[in-house]
Amino acid sequence: MIYFRFLDIPAYIIAYTIISFFGLCIGSFLNVCIYRLQLEDPAERSLVKKSSHCPKCGAKIHWYDNIPVFSWTVLLRGKCRSCKEPISKRYPLVESLNWFAYLLVLTFVDVQDYPVHAVTLALFFSVLIVIGFIDYDTMEIYPGQLMLIVILAVISALFSDTLSIPERIIGGLAISAPFFIIGEVSRVIIRKKTGEDYRGIELGDTLLMLVSGLLIGTKCICASAIIGIFSAAIIGVINKLRGKDSKFAFGPFLAFGLVFGSIFGEQMIDWYLGLFKYPEIVYTIFTK
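Residues numbered from 1 in each chain as written. Predicted model: local features only at pLDDT ≥ 70, side-chain atom pairs only at ≥ 80, totals over all residues. Heavy atoms only, no water.

Draft legend 1. Here's a closer look at helix 5 (residues 143-159). In this model, helix 5 (17 residues) spans 24 Å end to end at C-alpha, consistent with the 24 Å of a helix rising 1.5 Å per residue. Looking at the buried side of helix 5, the elements it contacts are helix 4 (115-138), helix 6 (165-194) and helix 7 (203-241). (Helix = DSSP H or I, 4+ residues; strand = E, 2+ residues; numbered from the N terminus. Expected span 1.5 Å × (residues − 1). Contact = heavy atoms within 4.5 Å.)

Draft legend 2. Looking closely at the packing of helix 4 against helix 5. Two elements in contact, helix 4 and helix 5, have axes separated by 10 Å at closest approach and are oriented at 170 degrees. Considering the angle they form, helix 4 stands roughly antiparallel to helix 5. Along the contact surface, helix 4 presents Val116, Thr120, Leu123, Phe124, Val127, Val130, Ile131 and Ile134, while helix 5 presents Gln145, Leu148, Ile149, Leu152, Ile155, Ser156 and Phe159. Residue classes in the contact of helix 4 with helix 5 are distributed as 12 nonpolar, 3 polar and no charged. (Axes fitted to C-alpha atoms, helices over the stretch in contact; angles between N-to-C directions. Parallel < 35°, antiparallel > 145°, perpendicular 65-115°, else oblique. Nonpolar A, V, L, I, M, F, W, Y, C, P; charged D, E, K, R; others polar.)

Draft legend 3. Broad picture of the nonpolar core. Ranked by internal contacts, the top residues of the largest apolar core, which has 37 residues, are Phe124, Phe125, Leu128, Leu208, Met209, Ile216 and Leu258. Of all the elements in the fold, those that place two or more residues in this core are helix 3 (90-108), helix 4, helix 5, helix 6, helix 7 and helix 8 (251-274). Of all the elements, helix 7 adds the most residues to this core, at 9 residues. Apart from residues lying up to four places away in sequence, Leu208 is in contact with Leu128, Ile131, Ile141, Leu146, Ile149, Leu254 and Leu258. By size, the runner-up hydrophobic cluster in this structure holds 9 residues, among which are Cys33, Ile34, Ile129 and Ile134. (Core = buried A, V, L, I, M, F, W, Y, C linked by side-chain atoms within 4.5 Å. Buried < 20%, exposed > 50% of the residue type's maximum accessible area, 1.4 Å probe, protein only.)

Draft legend 4. A look at unusual backbone geometry. A positive phi angle, close to 65 degrees, is found at Val69, a residue other than glycine. Residue placement: Val69 occurs in the loop between helix 1 (9-36) and helix 2 (70-75). Unusually for a residue other than glycine, Lys84 sits at a positive phi of about 65 degrees.

Draft legend 5. Structural context of a nonpolar patch on the surface. A surface patch of nonpolar side chains, about 590 Å² in accessible area, is lined by Trp63, Tyr64, Ile67, Phe70, Val74 and Leu75. Relative to the helices and strands, Trp63 resides in the loop between helix 1 and helix 2. (Patch = residues over 30% accessible without salt bridge, like charges linked within 9 Å, V, L, I, M, F, W, Y side chains within 5 Å. Areas by Shrake-Rupley, 256 points an atom, 1.4 Å probe, with all protein chains shown as cover. Salt bridge = Lys/Arg side-chain N within 4 Å of Asp/Glu carboxyl O.)

Draft legend 6. Spatial organisation of the packing of helix 1 against helix 4. Where helix 1 meets helix 4, the axes come as close as 10 Å, and the angle between the chain directions of the two elements is 35 degrees. The two elements helix 1 and helix 4 cross, and the hand of that crossing is right-handed. Between helix 1 and helix 4, the residues in contact are Ile26, Leu30, Cys33 and Ile34 and Ser126, Ile129, Val130, Phe133, Ile134 and Asp137, respectively. Across the contact of helix 1 with helix 4, the residue classes tally to 8 nonpolar, 1 polar and 1 charged. (Left-handed = near helix turned anticlockwise from the far one by under 90°.)

Draft legend 7. Layout of the packing of aromatic side chains. Summed over the entire model, instances satisfying the criterion amount to 7 aromatic pairs. With centroids separated by 6.1 Å and ring planes inclined at 35 degrees, the aromatic side chains of Phe179 and Phe250 adopt a geometry described as tilted. Here the residue Phe179 occupies a position in helix 6, and Phe250 occupies one in the loop between helix 7 and helix 8, the gap between them amounting to 71 residues. Each of the two residues, Phe179 as well as Phe250, counts as buried. Each ring, one from Phe256 and one from Phe260, has its centre 5.1 Å from the other, and the planes form 55 degrees; the classification is tilted. Taken as a pair, Phe256 and Phe260 lie in helix 8 at a separation of 4 residues, close to a single helical turn. On the basis of relative accessibility, which here comes to 23%, the residue Phe260 falls in the partly exposed class. Taken together, the ring pairs connect Phe108, Phe256, Phe260 and Phe264 into an aromatic cluster. (Phe/Tyr/Trp six-rings, centres within 6.5 Å; stacked < 30°, edge-to-face > 60°.)

Next comes the structure, spelled out in structure tokens:
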């Protein structure tokens, strides 16, 4: 359902402008998180102490070169002002993804009646973007990122009545429990066949679905898993046909599924369950 409940068109424009501003600015900060959290030197991982700089020449990036999307596309045209080396397209991509995620929340979540739920969901999507890109780079999901989702789930449970505590607990276990079992069984099989010690579904992916389920509940986490698994399967088939490595990070696909599952999950599951009612309806129509 799309929630357009403001008074007039100017109110819509103001709301979308404000959310776009925050989405792009926070997206710019996410770029810093993605880059610095992967650095080996702990002193370099600070998100606040060191100003933004070019990763290649080290030149400080001025504020006018740090405007989300605009600076990369218009002012710098994808190159560092100092060394003229290309700047990764990932920077405007991350900013645009976070902007789009925030617009999804404003458009499809009842912000007026459930403001806490809307804010926690938007921040959840930001964390998912960081998780997805870092997992893509490193094949790891960091515990600190998972703890942020736990904190969001606690805030949502305390200050929002969108889900009951039992719904959150069941949501936490609905996908993570099967994922854990599949991971353990696949680990044994893989070890016997190849001698390598890794799981078909890594523990980080399992924990991601556990903490996410505590935040978004059973229906949404189930829909998220379906979207994530199918999207990963499609990419897996494509990689296999191209002769690429069949092993790739699952986290980005789960993050993708969690964003859309959080927004549309309840409608998806309700629609699916409604399919089982159709035969009875058809039988009733034709027997009268």
